[in-house]
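These are the residues of each chain, in order.
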Amino acid sequence: MTTAVEKPRRLMPRWREYGRPGELAVRYLLLLLVLGITVGPLVWQFLASLKGVGEDVFGADASLLPHHPTLRAYREVFSQVPVATYIRNSLIVVVLSIVSQLVFSTTAGYMLSKPGWKGRKAVWVVLVASMMFPFESIMVSLFLSIRDLGLVDNLAGVWLPGFVGAINVLLMRGAFLAVPREIEDSAMLDGANEWQRFRYLYLPSAWGAIMVVTVNTFISAWDDFLWPLIVLRSESHMTLTLGLSRLQSSSFGYDQRVVMAGSVISVIPVLVLFVITQRWFYRGVSAGAVKL
C-alpha cells in the first residue's frame, strides 16, 4: 500500500503575516503621523531651548535646529528661580499622593471586589458618578474646606484633595476581580486569613494595575498647576510646575528660550518614570480594566 507523500508547506514570508505592502505602508504612515503630533511639540521645545540669544524661536526666519547649540537657557533657569526647592516640594506632594493612593485604592478596590455585603453596588455607583463632575465644579468648596483646616500655603493642602481617586479604586477593583475565586478558596482551606489573602494573593496578582496607579498618580501630582496656584502663596512652598511659570513674568525678563528650558526640565522626570515602568504599565492597563 502506497501513501502519497505530502509536499512540504511553503513558509509564508514574515511580512505577509501583517498584511500587504500597501497596508503596511499606510499603517506606518499613520504611526509616524501620531508620533509627530504627540512627540513633535516636545522635541521642538527641547531644540528651541538650545538656541542662542540671537536665534529666533518663532517667526518666518526661525529654524527647527539651533545653529549654535548652548545650555545658556538651562543655566538661566537655575539662576533665576530656586529649582531645587521646587523639585523638593513637588517630590513631597508626589510621594504623599502615591502612598495614599496605593493604600486606599488597593484596600477599597479589594473591598468592592468582594461580594456578599450590603451597599456594595451603591458605593460602586457613587464612585462612577463622582468621576462625571469636573474639578472646577467643586474647586471653590474644596478651597473653603482647606482654608478651614488651616492648610492654605501648605503642601498638605495641595496633597489632601488627591489622596485617593475614584478611577484608581475602580481600576484596582477590576484587577482584583480577575483573580480566580478557586485560588482564594484554596488559600482559605490552607488557613490563610483575610489579610494574608490580600497581601500574598491579591496584591501580587494586581502588580500591573498597581504600576498604572503609581504612574498616573505621579503624572497628575507632578503636572498639577491649577490647584497649587490656588492654595500656595509663598515661593518656598511652590511646586515645580507652579514655580517655573514665574519664568514667563516680566520681572525675570521674559525669554522664550528660558521658558522652553523650564518646560523641558519639568517633563524629564515623567519621561524617565514612564520609560522605566512602561512594561508593567501596559500590562496593568489590560489586566485592570474596569469590570461591572
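Up top is the structure.
In what follows, the accompanying structure is described. (Residues numbered from 1 in each chain as written. Predicted model: local features only at pLDDT ≥ 70, side-chain atom pairs only at ≥ 80, totals over all residues. Heavy atoms only, no water.)

### Describing the layout of surface pockets
Empty space among the atoms becomes visible once a probe the size of a water molecule is rolled across them.
Stage number 1. Roughly 800 Å³ of internal volume is contained in the largest pocket.
Stage number 2. Along the walls of the largest pocket sit 27 residues, with Phe135, Pro161, Gly162, Val164 and Gly165 positioned nearest its centre.
Stage number 3. For the lining of the largest pocket, the secondary structure elements donating two or more residues are α3 (83–113), α5 (135–148), α6 (155–159), α7 (166–177), α10 (207–223) and α11 (226–231). (1 Å grid on protein atoms, 1.4 Å probe; cavity = no way out; pocket = protein on both sides within 12 Å on 5 of 7 lines; lining within 4 Å. Points joined across faces, edges and corners; volume = space filled by probe spheres on them. Helix = DSSP H or I, 4+ residues; strand = E, 2+ residues; numbered from the N terminus.)

### Let's talk about the nonpolar core
Stage number 1. In terms of nonpolar packing, the biggest core is built from 34 residues, with Val77, Val81, Phe218, Trp227 and Leu247 touching the most fellow members.
Stage number 2. The set of elements that each furnish at least two residues to this core consists of α2 (72–80), α3, α5, α6, α10, α11, α12 (240–244) and α13 (256–287).
Stage number 3. Discounting chain neighbours no more than four positions away, the residues touching Val77 are Val83, Leu244, Leu247, Val258, Ala261, Gly262 and Ile265. (Core = buried A, V, L, I, M, F, W, Y, C linked by side-chain atoms within 4.5 Å. Buried < 20%, exposed > 50% of the residue type's maximum accessible area, 1.4 Å probe, protein only. Contact = heavy atoms within 4.5 Å.)

### What about the packing of helix α4 (residues 120–130) against α7?
When two helices pack together, you describe them by how their axes are tilted relative to each other and by the distance separating the axes.
Stage number 1. Direction vectors running N to C along α4 and α7 enclose 135°, while the axes themselves pass 9 Å from each other. It follows from the interaxial angle that α4 and α7 lie oblique. Seen from above, α4 lies across α7 with left-handed handedness. Residues Arg120, Trp124, Leu127, Val128 and Ser130 of α4 form the contact with α7, whose participating residues are Ala166, Val169, Leu170 and Arg173.
Stage number 2. The class makeup of the residues in the contact of α4 with α7 is 6 nonpolar, 1 polar and 2 charged. (Axes fitted to C-alpha atoms, helices over the stretch in contact; angles between N-to-C directions. Parallel < 35°, antiparallel > 145°, perpendicular 65-115°, else oblique. Left-handed = near helix turned anticlockwise from the far one by under 90°. Nonpolar A, V, L, I, M, F, W, Y, C, P; charged D, E, K, R; others polar.)

Everything listed is a geometric property; what it means functionally is a separate question.
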